[in-house]
Amino acid sequence: MSGARKCFRVRVDWMKGRRVGDAQAALILLRHGESEWNASDRFTGWMDVGLTELGKREAAAAGRTLKATGLDAIDDLHSSALGRTVDTLALCVEALGKRLPTGEAAHGHAGDAPRLTYCRSWQLNERHYGHLTGMAKGDARQKYGANQVQRWRRAWRETPPRTA
């Protein structure tokens, strides 16, 4: 068992014993699977590129892992508006034996029995990379310096250049 998987298992076992009122609750954060531009080491940001085959397998594996650890009683889903995140979520939910709701079925209604709800929102999109979008990360480090690129990627107050 890998270190990350072992750590996940320990956290899951800990969460199973926690209670909020009469119900257990867990917040599950899942990043999208590998995208085409992740695979080619490019800045992706808001560019809506698809998942690779590996990314699709990763998404389904995440669902199987959730199911195997007993965290499959999911009732409220949120994703960014980007296709790769929607596709990741749909494949993960499918591996749980459920379907990602669409249209009116995505929203719960007062008085209805609990069911899977889904909200897709651009506010959850990942960082916008401005002029760096589509650029190879190695080229950006060579042009702007590794430290500056790292600050653009991780700092809250620094943003990449908007234009060349």
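It should be emphasised that the depicted structure is a prediction, and the values quoted were computed from it without experimental measurement.

Along helix α6 (residues 146-154), the residues that are buried comprise Gln148, Val149 and Trp152. Down the axis of α6, the smallest arc covering the buried residues is 100°, so these residues share one side. In α6, the exposed residues that point more than 90 degrees away from the buried face are Asn147 and Arg154. Buried residues along α6 sit in contact with α5 (137-144).

Moving on, we come to unusual backbone geometry. We note that Asp41 has phi near 55°; this positive angle belongs to a residue other than glycine. In this fold, Asp41 is placed in the loop between α2 (36-39) and α3 (53-68).

As a further point, take the packing of aromatic side chains. Taken as a whole and assessed by the stated rule, the structure comprises three aromatic pairs. Between Phe43 and Tyr129, the aromatic rings sit 4.8 Å apart at their centres with planes inclined by 55°, giving tilted as the arrangement. Taken together, the residues Phe43 in the loop between α2 and α3 and Tyr129 in the loop between β2 (117-120) and α5 connect sequence positions 86 residues apart. Grouping residues by exposure puts Phe43 and Tyr129 together as buried. Positioned above the aromatic ring of Phe43 is the side chain of Lys137, whose terminal nitrogen or guanidinium carbon lies 5.7 Å from the ring centre.

Our next topic: the nonpolar core. Membership of the largest hydrophobic core comes to 13 residues, with the highest contact counts inside it found for Leu66, Ile74, Leu77, Leu89, Leu100 and Tyr118. Put simply, the parts of the chain that give this core at least two residues each are α3 and α4 (83-95). Sorting elements by how many residues they give to this core places α4 first, with four residues. Those residues within four positions of Leu89 in sequence are excluded, and the remaining contacts are Leu77, His78, Ser79, Leu100 and Tyr118. If you look at the next biggest cluster of nonpolar residues, it comprises seven residues, including Tyr129, Met135, Val149 and Trp152.

Structurally, Thr69 can be placed in the loop between α3 and β1 (76-79). For Thr69, a relative accessible area of 3% gives the class buried. From its side chain, Thr69 meets the backbone oxygen of Thr65 in a polar contact 2.9 Å long. Polar contacts involving the side chain of Thr69 include one to the main-chain carbonyl oxygen of Leu66, which spans 3.1 Å.

With that out of the way, let us pick up the pattern of salt bridges. Scanning the entire structure with this criterion turns up four salt bridges. One salt bridge connects Lys56 with Glu53, and the closest N-O pair in it is separated by 3.3 Å. Of the two residues, Lys56 and Glu53 both sit in helix α3, three residues apart, roughly one turn of that helix. Here Glu158 and Arg151 are joined by a salt bridge, their closest N and O atoms 3.1 Å apart. Overall, the relative accessible area of 28% leaves Glu158 in the partly exposed class. The partly exposed category is assigned to Arg151, whose relative accessible area is 35%.

Reading the values: rules and limits
Residues numbered from 1 in each chain as written. Predicted model: local features only at pLDDT ≥ 70, side-chain atom pairs only at ≥ 80, totals over all residues. Heavy atoms only, no water. Buried < 20%, exposed > 50% of the residue type's maximum accessible area, 1.4 Å probe, protein only. Helix = DSSP H or I, 4+ residues; strand = E, 2+ residues; numbered from the N terminus. Arc of directions from axis to C-beta. Contact = heavy atoms within 4.5 Å. Phe/Tyr/Trp six-rings, centres within 6.5 Å; stacked < 30°, edge-to-face > 60°. Lys NZ or Arg CZ within 6 Å of the ring centre and 35° of its normal. Core = buried A, V, L, I, M, F, W, Y, C linked by side-chain atoms within 4.5 Å. Polar contact = N/O pair within 3.5 Å; in protein donor to acceptor, adjacent residues only side chain to side chain. Salt bridge = Lys/Arg side-chain N within 4 Å of Asp/Glu carboxyl O.

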